[in-house]
Amino acid sequence: MANSPSRLPERSRLAVFRRRVHSGPTGVDPAPISEADPAATAEPSGMDPWRRPPSWQVADNLGKSFYYAGKGLVYAIRTQRNLRIHMVMAVMAFGLGLGLRLSALEMAVISLTSGLVMALELVNTALEAVVDLTLGSKYHLLAEIAKDCAAAAVLMAAVASLMVAAWLFLPPLVLLLQDGFPAAG
């Protein structure tokens, strides 16, 4: 136990992790990583992932955290057509709910289901970006499965959201159609 990775000093744990990550199938390191050559471990952007500061140091205050989250949201809105469609549908659902004078609880359910669909769309976008970053332009069956399953999760949430909308909107719409529209004036 004395030599387990959790008991070693930080530098030694890093070396053990590097050996595990970079070793071949036999456990022998095919190309040892030199500590003296930082370019051997550096990412193409020049940042060494082993020396990257922890996330709590990158966003050292709440304002920066909200800033980075906002950057991600703006990126997704600009680049993801489906997220824009989900946002338009959510605005329409809110408008219809207000027009039909749904209760606060019903509006909360609409908010939750709309938010879930948009949150899953953001997760789908993030997963696709990570897969593309990892594989580049190469094809891999597992990457296809990961992307397809993430898209299916969004689809399932969207279908559930439509079912919630049907349960909440159809009864008041049917009553409105049966009673006729109120006279203007």
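Our structure's up above, just so we're on the same page.
Definitions and cut-offs
Every chain is numbered on its own, with residues counted from 1 as its sequence reads. Since the coordinates come from a predicted model, pLDDT governs what is reported: local features require at least 70, and pairs of side-chain atoms require 80 or more to be given and counted, while whole-chain, interface and lining totals use all residues. To get the side-chain values, take all heavy atoms of the structure and skip hydrogens and water. Only DSSP runs of H or I reaching four residues or more are called helices, and only runs of E reaching two or more are called strands; each is numbered from the N terminus. Exposure classes here rest on a 1.4 Å probe applied to the protein chains alone. A residue is buried below 20% of its type maximum, exposed above 50%, and partly exposed in between. Note on definitions: a residue-residue contact is assigned when non-hydrogen atoms from the two residues lie within 4.5 Å. Per-residue and other accessible areas were derived by the Shrake-Rupley procedure at a 1.4 Å probe size, with only the shown protein chains allowed to occlude residues. Counted as salt bridges are all cases of a side-chain nitrogen of Lys or Arg within 4 Å of a carboxyl oxygen of Asp or Glu. Axes, fitted as lines to C-alpha atoms, cover a helix only where it is in contact. Angles between the N-to-C directions of the axes lie from 0 to 180 degrees. Throughout this description, any angle smaller than 35 degrees is read as roughly parallel, any larger than 145 degrees as roughly antiparallel, any in the 65 to 115 degree range as roughly perpendicular, and the remainder as oblique. Note that Gly is not counted as nonpolar here; it falls among the polar residues with everything else outside the nonpolar set of Ala, Val, Leu, Ile, Met, Phe, Trp, Tyr, Cys and Pro and the charged set of Asp, Glu, Lys and Arg. Each patch is assembled from residues with relative accessible area greater than 30% and no salt bridge, linking like charges that lie within 9 Å and nonpolar side chains (Val, Leu, Ile, Met, Phe, Trp, Tyr) that lie within 5 Å. N or O atoms closer than or at 3.5 Å make up a polar contact, with two conditions inside protein: a donor-capable atom paired with an acceptor-capable one, and, for residues adjacent in sequence, both atoms drawn from side chains.

1. A closer look at the overall build of the chain
From N to C terminus, the chain includes 6 helices and 0 strands. Along the chain direction, N to C, the helices and strands of the chain fall in the order α-α-α-α-α-α. Counting over 185 residues, the chain shows a buried share of 19%. Long-range pairs, those at least 24 residues apart, make up 52% of the contacts in the chain with a sequence separation of at least 6. Summing over all exposed atoms, the chain offers an accessible surface of approximately 13600 Å²; the carbon and sulfur share of this is 68%.

2. Focus: the pattern of salt bridges
Inspection of every chain in the model, using the stated rule, returns 1 salt bridge. In this structure, K147 engages D132 in a salt bridge whose closest nitrogen and oxygen atoms are separated by 2.5 Å. Pair noted here: K147 is in helix α6 (residues 141-179) and D132 is in helix α5 (residues 104-135), with a separation of 15 residues, a long-range link. On the accessibility criterion, D132 (39% relative accessible area) is partly exposed.

3. Considering unusual backbone geometry
Of note in the backbone geometry, R101 takes a positive phi value of approximately 55° without being a glycine. For R101, the location among the structural elements is in the loop between α4 (81-99) and α5.

4. So, the side chain of T125
When you line up the elements, T125 lands in helix α5. With residues up to four places along the chain from it excluded, the contact list for T125 reads Y75 and Q80.

5. Here we look at the packing of α4 against α5
In contact at an axis separation of 10 Å, α4 and α5 are set at 175° when each is read in the N-to-C sense. Between α4 and α5, the angle falls in the class roughly antiparallel. Together, N82, L83, H86, M87, A90, A93, F94, G97 and L98 of α4 and M107, I110, S111, S114, V117, M118, E121 and L122 of α5 make up the contact between the two elements. Here the contact of α4 with α5 is composed, by residue class, of 11 nonpolar, 5 polar and 1 charged.

6. Things to note about a nonpolar patch on the surface
There is a patch of nonpolar side chains on the surface, built from I85, V88, M89 and M92 and spanning about 380 Å² of accessible area. Note on placement: I85 falls in helix α4.

7. Regarding the side chain of Q80
Residue placement: Q80 occurs in the loop between α3 (62-79) and α4. For Q80, a relative accessible area of 18% translates into the label buried. Within the structure, Q80 has its side chain in polar contact with the side chain of T79 (distance 3.2 Å).

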